[in-house]
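Coordinate analysis (summary)
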Amino acid sequence: MIIECCSQERSYSTFYGLIGERFCRLNRVWFDAFEQAFREYYETVHRYETNRLRNIARFFGHLLASDAISWNVFDCISLTEDDTTSSSRIFIKILFNEISESMGLKTVAERFKDSEVQIACRTMFPMDNPKDTRFAINYFTSIGLGPITEDMREHLKVCLYLRRFVAESKCSRRMLRVSSWSNAERCWKPSLLPRIPTALTIPTRTRTRTPTRTTPRTHAARGAIAVRPLHAARTA
């Protein structure tokens, strides 16, 4: 009811944030209830208009900045291009702007370096796919939270270096390192040549002989050939 009343206000009122903070500190039941409410509202954030979305995001930003609820609620946020919508990106932007205004950007960056927070925020700072990592870096930088992306930037540099190293190693396997004499520098310089396979088989074309076509001999021709020597002998 507190969140619904806050969302229907024309502009955000800190009064609702203070009430929610007080309830969370009174009893563990309210603490768990507001954490569950955060996950439910984030999953259905696309149903709300911009004004209600803004008030809800600022309300939960106040609770997170005052440590009224745990930062483990960030485990429901998967910050990738495929898993987010325009509404969820606006929600995250307003949420973190409220947190950074209350705590300060330096304190927020230090909080994200905590081991427990890092475990909960693995999906919000994706490092499995370089494409998702680059998307998260660009998103946080665009909303003014570039300092919290330092670990992702270092991870992305390592991934690009490893990819380049693997590509060069594959290329070097196909090349042969030799030395050649340089007349300009008067020294031997290493160079790479294509590696020749040890067993190289050159395909050869096999010629097929076409049989010569012979005309069949007629009976008259065979008789002429047989009679000619006899006639020649008689005349002689």
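In this numbering scheme, every chain counts its residues from 1 along its sequence in written order. Local features in this predicted model are restricted to residues of pLDDT 70 or higher, and side-chain atom pairs are both shown and tallied only at a pLDDT of 80 or more, whereas totals for entire chains, interfaces and linings draw on every residue. Note that water and hydrogens are dropped before the side-chain values are worked out from all heavy atoms of the structure.

Thoughts on helix 4 (residues 50–65)
Count 3.6 residues to each turn of an α-helix, and residues three or four apart come out pointing the same way. The helix count covers DSSP runs of H or I at least four residues long, the strand count covers runs of E at least two residues long, and both are numbered beginning at the N terminus. The span one expects for a helix is its residue count, reduced by one, times 1.5 Å. Here helix 4 is 16 residues long and its end C-alpha atoms lie 22 Å apart, about the 22 Å a rise of 1.5 Å per residue gives. Those residues of helix 4 lying buried are Leu53, Asn55, Ile56, Ala57, Phe59, Phe60, Gly61, His62, Leu63, Leu64 and Ala65. Lining the buried residues of helix 4 we find helix 1 (2–7), helix 2 (14–26), helix 3 (28–43) and helix 5 (86–103). Taken from the residues just after helix 4, aspartate 67 is the one with a positive phi, measuring 60 degrees. For each residue, the accessible area found with a 1.4 Å probe, counting protein chains only, is set against the maximum for its type, and the residue is called buried under 20%, exposed over 50%, and partly exposed in between. For this analysis, residues touch if any pair of their heavy atoms sits within 4.5 Å.

A few points about a nonpolar patch on the surface
Each patch groups residues whose relative accessible area exceeds 30% and which form no salt bridge, using 9 Å between like charges and 5 Å between nonpolar side chains of Val, Leu, Ile, Met, Phe, Trp and Tyr. All accessibility values rest on the Shrake-Rupley procedure with a 1.4 Å probe; residue burial counts only the protein chains present in the view. Criterion for a salt bridge: a side-chain nitrogen of Lys or Arg within 4 Å of a carboxyl oxygen of Asp or Glu. Nonpolar side chains collect at one region of the surface, where Val158, Tyr161 and Leu162 lie side by side and expose about 320 Å² of accessible area between them. Counting through the fold element by element, tyrosine 161 comes out in helix 9 (residues 150–173).

Observations concerning the confidence of the model for the protein chain
The pLDDT score gives, residue by residue, the confidence of the prediction method on a 0 to 100 scale. On average, the protein chain scores 78 in pLDDT, and the residues at 70 or more come to 69%. Counting contacts from residues 197–202, a segment whose pLDDT is below 50, to residues more than four positions away or on other chains yields zero contacts.

Some words on helix 3
With 16 residues, helix 3 should reach 22 Å at 1.5 Å per residue; the first-to-last C-alpha distance of 23 Å fits that figure. Of the residues making up helix 3, those classed as buried are Phe31, Phe34, Glu35, Ala37, Phe38, Tyr41 and Tyr42. The arc that holds every buried residue of helix 3, seen down its axis, measures 155 degrees, which confines them to one face. Structural note: helix 3 exposes Arg28, Val29 and Glu43 on the side pointing more than 90 degrees away from its buried face. Residues of helix 3 that are buried sit in contact with helix 1, helix 2, helix 4 and helix 5. Working definition: the arc comes from the directions between the helix axis and the C-beta atoms, pointing outward to the latter.

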